[in-house]
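# Tertiary structure, described
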Amino acid sequence: SCLADLGRHDEALVLERKIYAKMMTLKGNSHGHTIRGGVNLSCSLINLEVWDEVKTFTRDQLLPVAQRSLGPNHDTVLDLKQNLAVALSVDPARTRDDLLEAETIMQDVTQR
């Protein structure tokens, strides 16, 4: 977002949360605009290093819906997988299992 580009990551996160919530209300969770809003929210969480939330939100909420709605090879799904892999691999509290999961995800993404 423009705010993130200006280094105003806290403000960007607030805005991305509002946009995602509004899209959920207006379009439902499986609409492309809602999913794209979720990708933006995921990116904002990464920018602020909110690792637990980005992993939970992306893995448990957003990615399953995106895969069902858009298909496993859609660019947006691949972006989400990459976001999840980044969060898993750079979180200071990462475990060996997190790193293995990130590696598996990235192998999957590069094979598509």
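Before reading on, note that the structure itself is shown above.
All of these numbers come straight from a predicted model, not from anything done at the bench.

## Some remarks on the overall build of the protein
The number of helices and strands found in the protein is 6 helices and 0 strands. Ordering the α and β elements of the protein from the N terminus gives α-α-α-α-α-α. Its C-alpha atoms give the protein a radius of gyration of 14 Å, within 12% of the compact-globule value 13 Å for 112 residues. Projected onto the principal axes, the alpha-carbon positions of the protein cover approximately 35 × 30 × 20 Å. Scored against the burial criterion, the 112 residues of the protein give a buried share of 38%. Just so you have it, the protein exposes about 6,400 Å², and 51% of that area is on carbon and sulfur atoms. Here the protein holds 13 positive side-chain charges and 16 negative ones, and the gap between their average locations is 6 Å.

## Remarks on the environment of Gln-111
One can find Gln-111 in the segment after α6 (96-110). As for Gln-111 and Asn-40, which are separated by 71 residues in sequence, their C-alpha atoms are 24 Å apart.

## Notes on helix α5 (residues 75-90)
With 16 residues, α5 extends 22 Å from end C-alpha to end C-alpha; this agrees with the ideal 22 Å at 1.5 Å per step. Here α5 has its buried residues at Thr-76, Val-77, Leu-78, Leu-80, Lys-81, Asn-83, Leu-84, Ala-85, Ala-87 and Leu-88. Packed against the buried residues of α5 are α3 (32-47), α4 (51-70) and α6.

## Notes on the pattern of salt bridges
Per the counting criterion, the structure on display carries 6 salt bridges. Here Arg-36 and Asp-79 are joined by a salt bridge, their closest N and O atoms 3.5 Å apart. Remark: Asp-79 occurs in helix α5 and Arg-36 occurs in helix α3; sequence separation between them is 43 residues. A residue is classified by how much of its surface remains accessible, and Arg-36, at 34% relative accessible area, is partly exposed.

## Description of α4
At Leu-62, α4 is bent by approximately 45 degrees, the largest bend along its length, and proline Pro-64 sits one to four residues beyond. Among the residues making up α4, those that are buried are Trp-51, Val-54, Lys-55, Phe-57, Thr-58, Leu-62, Leu-63, Val-65 and Ala-66. Note on α4: the residue one or two positions beyond its end, Gly-71, has a positive phi of about 95 degrees.

## Quick notes on the packing of aromatic side chains
Per the counting criterion, the structure on display carries 1 aromatic pair. Both rings, one in Tyr-20 and one in Phe-57, keep their centres 5.3 Å apart while their planes meet at 90 degrees; by these two values the pair is edge-to-face. A residue pair is termed long-range when its members are at least 10 positions apart, and Tyr-20 in helix α2 (residues 9-27) and Phe-57 in helix α4 qualify at 37 residues. Comparing Tyr-20 with Phe-57, the two get one shared label, buried.

## Points about the nonpolar core
Ranked by internal contacts, the top residues of the largest apolar core, which has 24 residues, are Leu-41, Leu-45, Val-54, Phe-57, Leu-80 and Ile-105. Contributing elements (two or more residues each) for this core: α2, α3, α4, α5 and α6. Setting aside its immediate chain neighbours within four residues, Phe-57 contacts Tyr-20, Gly-38, Leu-41, Ser-42, Leu-45 and Leu-62.

What counts as what
- Residues numbered from 1 in each chain as written.
- Predicted model: local features only at pLDDT ≥ 70, side-chain atom pairs only at ≥ 80, totals over all residues.
- Heavy atoms only, no water.
- Helix = DSSP H or I, 4+ residues; strand = E, 2+ residues; numbered from the N terminus.
- Rg over C-alpha atoms; globule rule 2.2 N^0.38 Å.
- Buried < 20%, exposed > 50% of the residue type's maximum accessible area, 1.4 Å probe, protein only.
- Areas by Shrake-Rupley, 256 points an atom, 1.4 Å probe, with all protein chains shown as cover.
- Lys, Arg positive; Asp, Glu negative; His and termini not counted.
- Charge placed at Lys NZ, Arg CZ, Asp CG, Glu CD.
- Expected span 1.5 Å × (residues − 1).
- Contact = heavy atoms within 4.5 Å.
- Salt bridge = Lys/Arg side-chain N within 4 Å of Asp/Glu carboxyl O.
- Bend = angle between axes of the 7 residues up to and from the residue.
- Phe/Tyr/Trp six-rings, centres within 6.5 Å; stacked < 30°, edge-to-face > 60°.
- Core = buried A, V, L, I, M, F, W, Y, C linked by side-chain atoms within 4.5 Å.

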